[in-house]
Amino acid sequence: MTSLPGGSDHGGSGTEPHPLVCARCGTPADGPPPVTWTCSVENGVRQFFCEACARDNLRAIEGRLDSSWW
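Residues numbered from 1 in each chain as written. Predicted model: local features only at pLDDT ≥ 70, side-chain atom pairs only at ≥ 80, totals over all residues. Heavy atoms only, no water.

Participant: Looking at this structure, I do not really get the overall build of the chain. What am I missing?
Facilitator: Counting secondary structure elements, the chain contains two helices and four strands. Counting helices and strands in the order they occur from the N terminus, the chain gives β-β-β-β-α-α. Each of the 70 residues in the chain was classed as buried or not, and the buried ones make up 20%. Counted over contacts in the chain with a minimum sequence separation of 6, partners at least 24 positions apart contribute 30%. (Helix = DSSP H or I, 4+ residues; strand = E, 2+ residues; numbered from the N terminus. Buried < 20%, exposed > 50% of the residue type's maximum accessible area, 1.4 Å probe, protein only. Contact = heavy atoms within 4.5 Å.)

Below is the structure:
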């Protein structure tokens, strides 16, 4: 029997869920990403931003500027 690529022979997905935190201010989110948070993919990395950070930087987000420019 063979395992799927990236899988584990011990069952399960092989990866632990990571706690979700705002990539800008570090505010933690309980559970799945809240509907009011913003998701951005920058340099192939998915980042989440809390409602406060997203509101403060709305024009930069709409202009598709990477968060390093904010």
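Participant: What's the story with the nonpolar core in this structure? I'm lost.
Facilitator: If you look at the biggest cluster of nonpolar residues, it comprises eight residues: Leu20, Cys22, Ala29, Trp37, Phe48, Phe49, Cys50 and Cys53. Residue contacts for Cys50: discarding those within four places in its chain leaves Cys22, Cys25, Thr27 and Trp37. (Core = buried A, V, L, I, M, F, W, Y, C linked by side-chain atoms within 4.5 Å.)

Participant: What am I meant to see in the environment of Glu42 here?
Facilitator: Within the fold, Glu42 resides in strand 3 (residues 38-42). Put simply, Glu42 and Leu65 are 23 residues apart on the chain and 9.4 Å apart in space, counted from C-alpha to C-alpha. Within the structure, Glu42 has its side chain in polar contact with the side chain of Ser40 (distance 3.1 Å). (Polar contact = N/O pair within 3.5 Å; in protein donor to acceptor, adjacent residues only side chain to side chain.)

Participant: What's the story with the pairing of strand 4 (residues 45-49) in this structure? I'm lost.
Facilitator: In summary, the side chains of a regular strand alternate between the two faces of the sheet. Bridge analysis of strand 3 against strand 4 gives five bridges, and the strand direction is antiparallel. Counterpart to Ser40 in the pairing with strand 4 is Gln47. What sits between the antiparallel neighbours strand 3 and strand 4 is a turn of two residues, in which Asn43 has the positive phi angle 55 degrees. (Pairing = 2+ DSSP bridges.)

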